[in-house]
Structure formats: C-alpha cells, structure tokens
Amino acid sequence: MEKTIVTSALPYINATPHLGNFVGSVLPADIYANYLRMKGEDVIFICGSDMHGTPIEVRAIKEKVNTEELAESLHKKAKELFQKFNCNFTYYGDTNSDQNMEITYQIFDALDKNGYIKEVQKELPYCNSDGIFLADRFIEGKCPVCGYEAARGDQCDKCSSLLEPKMLIEPHCTICGKKEIVFKKTTNLALDLKKLQPQIEAFFEKNAKANWSKNAVNEAQKYFNEGLKYRDISRNTKWGFSIPKKGFEDQVFYVWFDAPIGYIGITKEWDDLKWKEYWLSPDTRIIQFMGKDNIVFHTIIFPGMLIGSGLGYTLPKTIKSYEFLNWEGKKFSKSRHIGMDMEEALNIVQDPDYWRFALVLSAPENSDTDFTETGFVEAVNKIMNGKIGNLCQRVFTLINANKRMFDAKATPDPEISSRLDALVNEYTSYFDKLELREALRVVIEMSDLGNSLMSEKEPWLLAKAANYDNKAAAEFSVIMNALLKVAYTVSILMYPFIPNSSLRILKYFGINRAPVFADISSRPELDPTLEPKPIFEKLTDAQISKFRNFS
RNA sequence: AGCGAGGUAGGGUAGCCUGGAGUGCCCGCCGGGCUCAUAACCCGGAGAUCGGUGGUCCAAAUCCACCCCUCGCUACCA
C-alpha cells in the first residue's frame, strides 16, 4: 500500500504560535491527514518544534537562562497548545533530539563526501561584550543611505535599502546595547546549491504539477532563473548541533539545515524502525504544508540536501504553500501586539473546533485574507451553529418526537440520496486537489440541502397527518430517513475539520470512534435513548467583546 | 529596485489556465414564508463601470502591454 507522510512546517517556538501561523501550516496539514485516515490510507502526520536558531539563543542571553532549558520549556508549551487544538499528530517531536542529530550528521557527511560542502571566508560582526557573533538583525546603527537611526544589519526599515552590517554607521549590539562591535574573520561552511541546480530543477519539473501552490511553483522558478548560489550552513554561535568536521567544531549548523531534516529525525524519534519504511521507500508520497515565507526551504534547499546526500531519501511530492492571514486588516505582530496567539484564543473560546471552523473558512489559500471579529462570529454563530448544528437538532428532535410512526427501514428519498452522493464526490475531489476551504464549503452546502428540504417537504405536517393517514406516515419515514442520512453524512464529512464536534454528533448514531469513508454507505440509525441536545452554542456577548479587545 | 502572489456588489470569496450575456457561494440589507429547530431555518429582491488605461478579438473578469494599490521573497529572521 502506498504510504503518505504529511508534514507541517515546524513552528519556530521563540514565540507562542499565533492564529496566522496555525492556519497556514499545522491546521491544514492536520485536516488533510485526518481526511486520508478517513479514506483508510497509510498516513503519518509529522510535526515538531524548531528548536535552534539565533532568536532563542539571544532570548536566553537576555533572560539569563540556559538555552536548552528555555527551548525545552517553549517546546512543551507549543506541543500542549497544538494538542489542545485537537491536532492529531502521529508524532510531535522537536529538532533537538539525538535522532535528528544523527540524521543531520549523516546527511552532512554524505553531502561533504559528495563534494557539495564548500568553505567560504567571511568577516562577521562580533560583540565583545556578549562574546558572540551577531546575526544581521542583531546589529543596528545609522543607515548610510537615509540616516535612519535604527537600521538593522540586513535592511533599513525606513528607506528599505538592503544593507550589510559593515555599512552601518556607529553600530551597536541589540542584545546588550553596547557599541563594542568588531569584525572578525571566520570560515563558514556552505551548501553548494549551484552544483545541485540541475538535479533540483529535475526534481521540480517532475513534481511541480502535483498540486503545488501557484506561489510555490513561481517562487521556485524564480530561484532557478536567477541561478542558485552557495547557502551558509554553519554559524559561529553555540546553540545548535555542532559541526562534525575538523576545524569547525566550534560552529553549529545554521537552523534551517537541521530544521527540514527534522521531518526525518522526528519520524525516527517516533519509531526507530518504521521510519525507514516511510522515508526510504520510493512509494511514499510526501505532502508538505507551509506558509509562503517557507517556500524556498521546501522547494529548493531541502530537496537539494536530500538529492545531494545520495542516501536515497524520498523527495517531497507536493508543496502546498499558504498566503498570510491578517488580523483585522493588519499583519500579525507579536511585538506590536497585533493579533491573537493560540493560547489567547483558547482563553476566549475553549472548544478548538470553533477556531478550526472559522479559521478554515478564512484560510488564505489563494491570497492573503483577513480574520475579523465579524467573520469569526458569522462563521461560528451563523454557519457552524445555525446551519450545521441546527440541521442535526431539527432532524433529531422531529424523529424523536414521532418515534412511533417513524420507520427506520424505509428507503430514503432516492433523489435526495443522489444529490448527497454528488456532494460527497465534490468533497473528495476538492480534498484531492488540496482545496480544503472548498471542501468545507461542500459540507456547508450539504447542510443547506438538508435545511431547504426540511422547509420544502414540511415533514412536521406529515407527522401530524400520520395519526389518521397511513400514506402520510410512510412518506414521513421516507423523507426523514433521507434527512437523517444528510445529517449523518454531514457529521462524517466534518470530521477532518472539527473532529470533536463530529464525534459528538456521531454518538447519536451509535458510533463511538473516528469515522471512515465506508461509514457513509451504511444506513444511519438514530439511538432512540439519547435526548437530542444542541451540538454547538452561540458565542456569548462576553466572548465577543473579549475578542474585540484584541483588535 | 528586481521577482512572485493578489485586487470581482457594503464586507468576504469562487470564476481566469481552456474568452461566449456580471455566472455562483457566504454574510449584511429589503420583502415574504414556515413553526420541526438554538430569535433558528427556507424562498424572493436590490446591490458590481470585475483596480486603472490601452490593445487583440465577432466577443474580454478571462488573453497581451503599461500603470496604481496590498502582501511576500531577494540567500545570516525562520
């Protein structure tokens, strides 16, 4: 059986992930993995915390704590949050594991042996006070172009000129604020992407039609057109995996070298034997979800690393990149207090399904989108609650109130059944094209079908007439069986998106496990002992005003 | 600056690749219906010079050129 690995871009845990991070990577990956499980496929869903990198090291210096302990605590918190959001990972690990180090070293050695690792001479800013080399963003000074005081080492935020740290006038270190900066010569290691370009391009040509996002295809094409260059993989800092090469032991891998390898390392951490069945099999299909800021790493660098290693790792098949979610028309920004993070969200509304549902409806699949208070309230109160929840409730209560005349064995209205089948097909075809938002739209459309049939057929009139009219009783059963089937199908199809709520409805049908596609064809039977209770609640004014206070 | 993505009723989206009457969906608004259901649901209506200008074509939201606006990337943020 073909195996599938679904991955989500590894969240960088320096800050609590916000709703924009979630909507473009972990959430769609989780939904898609749930869908494949429902189809009965052999799928693993791999994600984990991206632990290394300068921002965490700098934060540890600023907070005067141990870097590894800080990263570990941030990782635990992130993991817990994703679990609270009901993300059904096969395994959520992190990039700082022994397993990841082992594979990182293995791939590095192979790349080195195959001649894809080069030495490059550099002159880098060094803070004498903190005793560390400074990444471009941690050195600030006066912009040589416009004179702006707080220009960073890579770019001036005022005039957006691209800069080099050496160009800054009177530079200072943003960690300690002192001006004790010197430039030191050093030798770094770099990955020779230029040499790998033909092979990476061949990989791209072969796979880019496999449902890649338009943005991902074009962005990768841009890099090829410009010509690939060297890309640094070692840095003169302490936090990370040290370089296993003579003369470079004092340096660590640049975070984005071991982060994508983390997909493999985390799988190995999950299962020390089975990971090979997935990552070393030509039959494995790898589908990667990420925000648009991550495209280059997944379309160029990671495949390049795997190809160059020559170790036979399976290459990604599909790259699904998302645009960005904005918050009330503005960019999410932790430092400027714009937008809500995942923890804050749960403090307002506890049930993650409410967020999952609303976020998918606003998912930036084709262009940047906005997450707004009105959009959230509409999605939860009007659509999820008013359409889907209410349909189940009205069907269940109407049958429940007329148990005696309801024949559960009556054949459902065939016309309704065929319309239902068509919608199920539409749903799967959207999912197979990775258009998750549209797949959810189909679920909503299905509940619309149920609600309008209810109004059109007026089965409550049949129920009343059934007391003295056998024909009406028969007709009531035919229609209500069809409507029951609609509610049942809706509750199965919503499972990938809002699993908790789906399971809550399925209990009424006596199903106490995750649904599978095969369930759709079986006849739903309503448990007569259960009193129908609304599946969803509307957002309260208190919740809405709490939400508003974030805007 | 270069490259990529986007701009469609009041808001949000689909349609664009492969041209065929502004075609669809969700919300809001206006009117009606229904009383099974959670003040819910259903039906109907109004509302758009499809970012702008020019071009190709019998025909352009769709193809081409230029321009404007938003976002991303540009290799040490990840």
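Bear in mind that the values here come from a model prediction, so they are computed numbers and not experimental data.

### Some details on the overall build of chain A
And then number 1: Helix and strand content of chain A: 19 helices and 16 strands.
And then number 2: Buried positions account for 57% of the 551 residues belonging to chain A.
And then number 3: Put simply, 76% of the contacts in chain A that link residues at least 6 apart link residues at least 24 apart.
And then number 4: With an accessible surface of roughly 23,900 Å², chain A has 47% of that area assigned to carbon and sulfur atoms.
And then number 5: The distance from the centre of the 68 positive side-chain charges to the centre of the 74 negative ones in chain A is 1 Å.

### Concerning the protein's contact with RNA strand B
And then number 1: Near RNA strand B you find 63 residues, and of these Asp50, Asp136, Lys331, Asn366 and Asn390 are the closest.
And then number 2: A share of 72% of the atoms of RNA strand B within 4 Å of the protein falls on sugar and phosphate groups.
And then number 3: Contact between RNA strand B and Lys382: a phosphate oxygen at 3.0 Å from a side-chain N or O atom of the residue.
And then number 4: Arg394 is positioned with one of its side-chain polar atoms (N or O) 2.4 Å from a base nitrogen of RNA strand B.
And then number 5: Counting only elements with at least two residues in the surface near RNA strand B, the list comes to helix H3 (54-63), strand E4 (117-127), helix H7 (214-226), strand E10 (230-232), helix H8 (255-270), helix H13 (373-401), helix H15 (436-457) and helix H16 (459-465).
And then number 6: A total of twelve residues in the surface near RNA strand B trace back to one element, the largest contributor, which is H13.

### What to know about helix H14 (residues 414-432)
And then number 1: Helix length check: H14 (19 residues) gives 27 Å between terminal C-alpha atoms against 27 Å at 1.5 Å per residue, within 8%.
And then number 2: Residues of H14 that are buried include every one of Ile416, Leu420, Leu423, Val424, Tyr427, Thr428, Tyr430 and Phe431, and no others. All buried residues of H14 fall inside an arc of 160° around its axis, so they share one side. Opposite the buried face of H14, by more than 90 degrees, sit the exposed residues Pro414, Glu415 and Asn425.
And then number 3: Packing partners of the buried residues in H14 comprise helix H2 (26-38), H15 and helix H17 (470-493).
And then number 4: For H14, the N-terminal cap is Asp413; the gap from its side-chain oxygen to the backbone nitrogen of Glu415 is 2.9 Å.
And then number 5: Phi turns positive, to about 65°, at Leu434, one or two residues after H14.

### A few points about the domain arrangement of chain A
And then number 1: For chain A, the domain assignment lists domain 1 (3-115 + 193-233 + 254-322), domain 2 (118-187) and domain 3 (373-541).
And then number 2: On a C-alpha basis, the centroid separation for the pair domain 1 and domain 3 is 38 Å.
And then number 3: Between domain 1 and domain 3, the contact holds 16 residues from the first and 17 residues from the second.
And then number 4: Interface area for domain 1 against domain 3, summed over the two sides, is near 1,500 Å², with a carbon-plus-sulfur share of 65%.
And then number 5: Area buried by domain 1 at its contact with domain 3 is led by Ile31, Tyr35 and Met38, which between them contribute 47% of it.
And then number 6: Here Asp432 ties to Lys39 by a salt bridge, and the two come within 3.4 Å at their closest N and O atoms.
And then number 7: Along the contact surface separating domain 1 from domain 3 lie six residue pairs in polar contact (both at pLDDT 80 or more).
And then number 8: At the level of elements, H2, strand E13 (285-291) and strand E14 (318-322) are the ones that each hand at least two residues to the side of domain 1 that touches domain 3.
And then number 9: Ranked by residues supplied to the side of domain 1 that touches domain 3, first place goes to H2 with seven residues.
And then number 10: Looking at the side of domain 1 that touches domain 3 residue by residue, the classes come out as eight nonpolar, five polar and three charged.

### Regarding the nonpolar core
The nonpolar side chains of soluble globular proteins are, as a tendency, buried together.
And then number 1: If you look at the biggest cluster of nonpolar residues, it comprises 177 residues, and the most contacted ones within it are Trp355 and Tyr427.
And then number 2: Per element, the largest residue contribution to this core is 14 residues, and it comes from H17.
And then number 3: Taken together, domain 1 (3-115 + 193-233 + 254-322) and domain 3 (373-541) each give at least three residues to this core, which thus spans both.
And then number 4: If we skip the residues at most four places from it in the chain, Tyr427 touches Tyr35, Met38, Ala439, Val442, Val443, Leu493, Pro496, Phe497 and Phe517.

### So, the side chain of Thr237
And then number 1: For Thr237, the position within the fold is in the loop between strand E11 (234-235) and strand E12 (252-253).
And then number 2: Setting aside its immediate chain neighbours within four residues, Thr237 contacts Glu57, Phe133, Asp250, Gln251 and Val252.

### Thoughts on the pairing of strand E6 (residues 139-142)
And then number 1: Summarising the sheet, E6 and strand E8 (residues 169-173) pair through three bridges and their orientation is antiparallel. Bridge pairing in E8 places Ile139 opposite Cys173.

### Regarding the state of the cysteines
And then number 1: Tallied over the full model, the rule gives zero disulfides.
And then number 2: With no disulfide of its own, Cys127 lies 3.7 Å from the sulfur of Cys176, the closest cysteine sulfur.

### Side note on the packing of H13 against helix H19 (residues 541-548)
And then number 1: At a minimum axis distance of 10 Å, the contact between H13 and H19 shows a crossing angle of 150°. As judged from the angle between their axes, H13 and H19 are roughly antiparallel. Where H13 crosses over H19, the handedness of that crossing is right-handed. Here H13 contributes Glu373, Phe376 and Val377 to the contact with H19, which in turn contributes Ile544, Phe547 and Arg548.
And then number 2: Residues belonging to the contact of H13 with H19 are distributed by class as follows: four nonpolar, no polar and two charged.

Parameters at a glance
- Residues numbered from 1 in each chain as written.
- Chains lettered and ligands numbered in written order.
- Predicted model: local features only at pLDDT ≥ 70, side-chain atom pairs only at ≥ 80, totals over all residues.
- Heavy atoms only, no water.
- Helix = DSSP H or I, 4+ residues; strand = E, 2+ residues; numbered from the N terminus.
- Buried < 20%, exposed > 50% of the residue type's maximum accessible area, 1.4 Å probe, protein only.
- Contact = heavy atoms within 4.5 Å.
- Areas by Shrake-Rupley, 256 points an atom, 1.4 Å probe, with all protein chains shown as cover.
- Lys, Arg positive; Asp, Glu negative; His and termini not counted.
- Charge placed at Lys NZ, Arg CZ, Asp CG, Glu CD.
- Near = heavy atom within 4 Å.
- Polar contact = N/O pair within 3.5 Å; in protein donor to acceptor, adjacent residues only side chain to side chain.
- Expected span 1.5 Å × (residues − 1).
- Arc of directions from axis to C-beta.
- Domains from an automatic or database assignment.
- Buried area = accessible area lost by both parts, 1.4 Å probe.
- Salt bridge = Lys/Arg side-chain N within 4 Å of Asp/Glu carboxyl O.
- Nonpolar A, V, L, I, M, F, W, Y, C, P; charged D, E, K, R; others polar.
- Core = buried A, V, L, I, M, F, W, Y, C linked by side-chain atoms within 4.5 Å.
- Pairing = 2+ DSSP bridges.
- Disulfide = S-S within 2.5 Å.
- Axes fitted to C-alpha atoms, helices over the stretch in contact; angles between N-to-C directions.
- Parallel < 35°, antiparallel > 145°, perpendicular 65-115°, else oblique.
- Left-handed = near helix turned anticlockwise from the far one by under 90°.

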